[in-house]
Amino acid sequence: MNSETVEKNNELSQISPDYVRISMAAAIELGLKPGRISCCSCDCINLLQNYPQGCYANCTYCGLARERPGIAEDNSFIRVDWPLFPTDLVAEKIGELERKKEVGRVCVAQVQDHRANNDLVDMISRVHHRAPEVPISALVTATLLNDEWLVKIKEAGADIIGVGLDAASEELFYSTRGKGTKGPHDWKKHWKIIRKAREMYGPMKVNCHLIVGLGESDRDLVEMFYLLKSEEIAAYLFSFNPEPGTIMENTPRTPITRTRRIQLVKNLIEEHELPESSIEFDKSGTIRMIAAPRKILKLVTENGMAFMTDGCPDRQGKMACNRPYGSYRPGEEFRDYPFLPDASDLKIISKEMKLAEIVKSNESALV
Ligand code: SF4
Ligand code: SF4
């Protein structure tokens, strides 16, 4: 047997809850892989369940999906970026790191599998047992859950629930994650779990992942930002990056100008109370004009926070989950910055955003 076959066989037998995939940045941070993360520190240890089939859902953009072409052949997402380790070893290393310096957060992500609920609770418990002070997020598959499981996840030690809503509208959800792609996910079920989790875990202790570039309009995203804000649920942006071997592998990425404008408008809504009436859309739902006071725009574009990665916080409330290389490859332009952009980054951002084309500055639009 050559080493690749051995590795493949290991991956089939080394499954959760005893084994776990961890992001390469986290593996380096824990000393399980050699190397260095050049751009920033990795403050969140992201873990992912591992089963031989990947995931039984069928999301059109995901490298773990059931019907992705090239299944079990070569999958760069899980092979290279997310190495596999024994869960107890990872939990041990998290405990060790916490004794040296504070670990910002751990996140355990579920996939769609009949074992995934029990295993999620088991895996969170193992980490919590070895590092009781470290805050833990559960990135759940809403389709599998009910009220009882949400309680068990909390009791195991998680303080935040993340839900991969991903698609910003019901129609898009149907075609990329639901029945439209022979997937198990349902928009209404997702919202039931999101709202139940919000009730149980508290304000801003639940978040929805939203992917920019799956086919949604700017209006879909903007409406979602207002809705989530009104319910005190966090919106965390991700950027579509075509995964080889998936149904959407040939779909182009969203233009960087659009990404920047979405990041800007999200920040204006969340942090500066931009009223809905201040955003105008064209017929296709693309932002045509934003009316905002000059001084607020200057503040947002010059401090750079709006363009950073969105993610769960550490114990002090500072963003911990910065996912270096989560939505771009090393060497590519940043979609979201895993650190506060400096003056030269801000120059690039400003050029990309082309704000003058869509801004109507006034002094009264914001409260
Ligand atoms: S449920 Fe999550 S892991 Fe499974 S295919 Fe969809 S996006 Fe991928
Ligand atoms: S933002 Fe990061 S830590 Fe929070 S649920 Fe999502 S992946 Fe997990």
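Structure's up top.
Residues numbered from 1 in each chain as written. Chains lettered and ligands numbered in written order. Predicted model: local features only at pLDDT ≥ 70, side-chain atom pairs only at ≥ 80, totals over all residues. Heavy atoms only, no water.

Draft legend 1. Representation of the overall build of the chain in the model. On a plain count of helices and strands, the chain comes out with 12 helices and 11 strands. A total of 367 residues make up the chain; the buried ones form 56% of that total. The long-range fraction of contacts in the chain, counting pairs at least 24 apart against all pairs at least 6 apart in sequence, stands at 75%. Of the roughly 16,500 Å² that the chain leaves accessible, carbon and sulfur atoms contribute 52%. (Helix = DSSP H or I, 4+ residues; strand = E, 2+ residues; numbered from the N terminus. Buried < 20%, exposed > 50% of the residue type's maximum accessible area, 1.4 Å probe, protein only. Contact = heavy atoms within 4.5 Å. Areas by Shrake-Rupley, 256 points an atom, 1.4 Å probe, with all protein chains shown as cover.)

Draft legend 2. View of the nonpolar core. In this structure, Ile22, Val106, Ile153 and Ile161 are the most contacted members of the largest nonpolar core, which totals 101 residues. Built from parts of two domains, this core gets at least three residues from each of domain 1 (3–253 + 311–322) and domain 2 (255–304 + 341–367). Not counting the four nearest positions on each side in its chain, Ile22 is found in contact with Ala27, Leu30, Leu32, Asn46, Leu47, Asp81, Trp82, Pro83, Phe85 and Val90. (Core = buried A, V, L, I, M, F, W, Y, C linked by side-chain atoms within 4.5 Å. Domains from an automatic or database assignment.)

Draft legend 3. A look at unusual backbone geometry. Looking along the chain, the bond that leaves Ser16 and enters Pro17 is cis, with omega of 10°. In the Ramachandran plot, Met204 falls in the positive-phi region, its phi being about 60° despite a non-glycine side chain. On the secondary structure map, Met204 appears in the loop between helix H8 (187–201) and strand S7 (206–212). For Glu232, which is not glycine, the phi dihedral falls at a positive 55°.

Draft legend 4. The arrangement of helix H10 (residues 256–272) in detail. Compared with the 24 Å implied by 1.5 Å per residue over 17 residues, the 23 Å span of H10 between its first and last C-alpha is a close match. A positive backbone phi angle near 55° is found at Glu273, which sits one or two residues after H10. (Expected span 1.5 Å × (residues − 1).)

Draft legend 5. Focus on the pattern of salt bridges. One pass over the structure, following the stated rule, counts 28 salt bridges. Residue Asp43 pairs with Lys318 through a salt bridge whose shortest N-O separation is 4.0 Å. With Asp43 in the loop between helix H2 (24–29) and strand S2 (44–49) and Lys318 in the loop between helix H11 (294–303) and helix H12 (343–353), this pair connects stretches of sequence that are 275 residues apart. For Lys318, a relative accessible area of 52% corresponds to the exposed category. Glu232 is paired through a salt bridge with Arg198; the nearest N and O atoms lie 3.1 Å apart. Residue Glu232 is located in the loop between helix H9 (218–230) and strand S8 (234–239), and its partner Arg198 is located in helix H8; the two are separated by 34 residues in the primary sequence. For Glu232, a relative accessible area of 39% translates into the label partly exposed. Residue classification places Arg198 among the buried positions, given a relative accessible area of 19%. Counted as one network, the salt bridges with shared partners bring together Asp18, Asp88, Glu92, Asp122, Arg126 and Arg130. (Salt bridge = Lys/Arg side-chain N within 4 Å of Asp/Glu carboxyl O.)

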